[in-house]
Amino acid sequence: MKDIVILPDKRFKTKTVWMFLTISAFVLLVIVLLQFLVPLSPKTNAAKVAIIVWPIFMGVLILLWIIIFPLTLLWINSLSFYIMDDKVAIKKGFISKITQNIPFRAVTDFQLHRSLYDRMLGLGSIKIQTAGQMPGGAGYEGVLYGLTDWNGLHDELQNRLRDRSSVTNVEPRSGEEAPAGIPEIYAEVKKIRELLERR
């Protein structure tokens, strides 16, 4: 099968902006509620609380938009996904480059995920579940973000996983060669079986 190379769509950056705006609005709401609803003492009024909470709000905004947001955009720019015959590779990182290889033999499922922002922007993500992850847990081995053809890619990944598992579940008879793509462990299992059959 042909290798597939995918980059997150530009709309993934738009989603990130919307997420940061949502976080900013939530923090603003919390600050306003604190200013008017938290009675610190009978002598404290909203103006005295404002002296404390608004600098905190400004600090959060500076941290969010001047530090975290640019770093997030750099991280998005570094993302690339490679779908190969035997594995999914995720390349990421703008300071230290990381290539995460997830072999199909370890994959148990590909889960399609679309948040509210994804649905609004026509995007989707695919989470890669492996045997080492707890079933139903929030942890995933890797995630393919910012996809536009999420359904097509999800089907392709499921087909490759199905093809891979059908090949690995084939047990050759004595004297047959292992199908292509089977790990070296298969050869060892075959030797053990032959030894047992001789007894």
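Further up the page is the structure itself.
Attention here is on the structure that accompanies the text.

Rules of the game
- Residues take numbers from 1 onward in each chain, read along the sequence in its written order.
- Selection of residues for local features in this predicted model requires a pLDDT of at least 70, selection of side-chain atom pairs for listing and counting requires 80 or more, and totals for whole chains, interfaces and linings are taken over all residues.
- Side-chain figures throughout are based on the complete set of non-hydrogen atoms in the structure, without hydrogens or water.
- Per the convention used, a helix needs a DSSP run of H or I reaching at least four residues, while a strand needs a run of E reaching at least two, with both numbered from the N terminus.
- Under the scheme applied here, a residue whose accessible area is under 20% of the maximum for its type counts as buried, over 50% as exposed, and between as partly exposed, the area being computed with a 1.4 Å probe on protein chains only.
- Every residue pair with non-hydrogen atoms within 4.5 Å of one another is taken to be in contact.
- Each accessible area value is a Shrake-Rupley result obtained with a 1.4 Å probe; residue values ignore everything except the protein chains displayed when judging cover.
- Side-chain rings of Phe, Tyr and Trp, where Trp is taken by its six-membered ring, are said to pair if the distance between their centres is within 6.5 Å; with planes under 30 degrees apart they count as stacked, over 60 as edge-to-face, and otherwise as tilted.
- Two conditions define a charge located above a ring, namely a distance within 6 Å from the ring centre to NZ of Lys or CZ of Arg, and an angle within 35 degrees of the ring normal.
- The definition of a polar contact used here is a pair of N or O atoms within 3.5 Å, where within protein one atom must be able to donate a hydrogen and the other to accept one, and adjacent residues in sequence count solely through side-chain atom pairs.
- Strands were regarded as paired on the criterion that DSSP finds at least two bridges between them.
- Helix axes use the C-alpha atoms of the stretch in contact, all axes being lines fitted to C-alpha atoms, and the angles between their N-to-C directions lie in the range 0 to 180 degrees.
- What makes a salt bridge here is a side-chain nitrogen of Lys or Arg within 4 Å of a carboxyl oxygen of Asp or Glu, nothing more.
- One less than the number of residues in a helix, times 1.5 Å, gives the span that helix is expected to have.

Structural notes on the overall build of the protein
Next up, step 1: What the protein contains, in helices and strands, is five helices and seven strands.
Next up, step 2: Listed by position from the N terminus, the elements making up the protein come as β-α-α-β-β-β-β-α-β-β-α-α.
Next up, step 3: Split into buried and exposed, the 199 residues of the protein put 30% on the buried side.
Next up, step 4: Within the protein, residue pairs in contact and separated by at least 24 positions form 50% of the contacts whose partners lie at least 6 positions apart.
Next up, step 5: Just so you have it, the protein exposes about 12800 Å², and 63% of that area is on carbon and sulfur atoms.

Concerning the packing of aromatic side chains
Next up, step 1: In total, this model carries eight aromatic pairs according to the counting rule given.
Next up, step 2: With a centroid separation of 6.1 Å and 65 degrees between ring planes, the pair formed by F104 and F110 is classed as edge-to-face.
Next up, step 3: The buried category is assigned to F104, whose relative accessible area is 1%.
Next up, step 4: Given a relative accessible area of 2%, F110 falls into the buried group.
Next up, step 5: One residue, K91, lies across the ring of Y82, its end atom 4.8 Å from the ring centre.

Describing the side chain of T72
Next up, step 1: Tracing the backbone shows T72 in helix 2 (residues 46-78).
Next up, step 2: Reaching out from T72, the side chain makes a polar contact with the backbone oxygen of I68 at a distance of 2.8 Å.

So, the sheet that holds strand 5 (residues 107-113)
Next up, step 1: Ordered by their spatial adjacency, three strands build an open sheet running 5-6-7, and the pairing between neighbours is antiparallel. The two strands at the open ends of the sheet, each matched to only one other strand, are strand 5 and strand 7 (142-147). Across the sheet, the mean angle separating the axes of adjacent strands is 15 degrees when strand polarity is ignored.
Next up, step 2: Bridging between strand 5 and strand 6 (residues 124-130) involves six bridges; their strand directions are antiparallel. By the bridge assignment for strand 6, F110 is matched with I128.

A closer look at the pattern of salt bridges
Next up, step 1: Throughout the structure, instances matching the rule amount to three salt bridges.
Next up, step 2: Here D118 ties to K15 by a salt bridge, and the two come within 3.0 Å at their closest N and O atoms. With D118 in helix 3 (residues 116-121) and K15 in helix 1 (residues 11-37), this residue pair connects regions lying 103 residues apart in the sequence. Taken as a pair, D118 and K15 share a single burial class, namely buried.

A short note on helix 1
Think of an α-helix as 3.6 residues a turn; residues three or four steps apart then line up on the same face.
Next up, step 1: Counted at 1.5 Å a residue, the expected span for helix 1 with its 27 residues is 39 Å, and the 38 Å between its end C-alpha atoms agrees.
Next up, step 2: Turning to helix 1, its buried residues number three or more, namely F12, K15, T16, F20, S24, V27, I31 and Q35.
Next up, step 3: Residues of helix 1 that are buried sit in contact with helix 2, helix 3 and strand 7.

With respect to the pairing of strand 7
Next up, step 1: For strand 7, the buried fraction is high: five of the six residues fall into the buried class.
Next up, step 2: The sheet contact formed by strand 6 and strand 7 spans four bridges and is antiparallel. Bridging from a neighbouring strand, I128 pairs with G142 of strand 7.

Comments concerning the sheet that holds strand 3 (residues 87-92)
Next up, step 1: Spatial strand order, 1-2-3-4: four strands in an open sheet with antiparallel pairing. The sheet is open, and its two edges are formed by strand 1 (4-6) and strand 4 (98-103), each paired on a single side. For this sheet the average axis-to-axis angle between neighbouring strands, irrespective of direction, equals 15 degrees.
Next up, step 2: Note that strand 1 and strand 2 (residues 80-83) share three bridges and pair antiparallel. When the bridges of strand 2 are listed, V5 appears paired with Y82.

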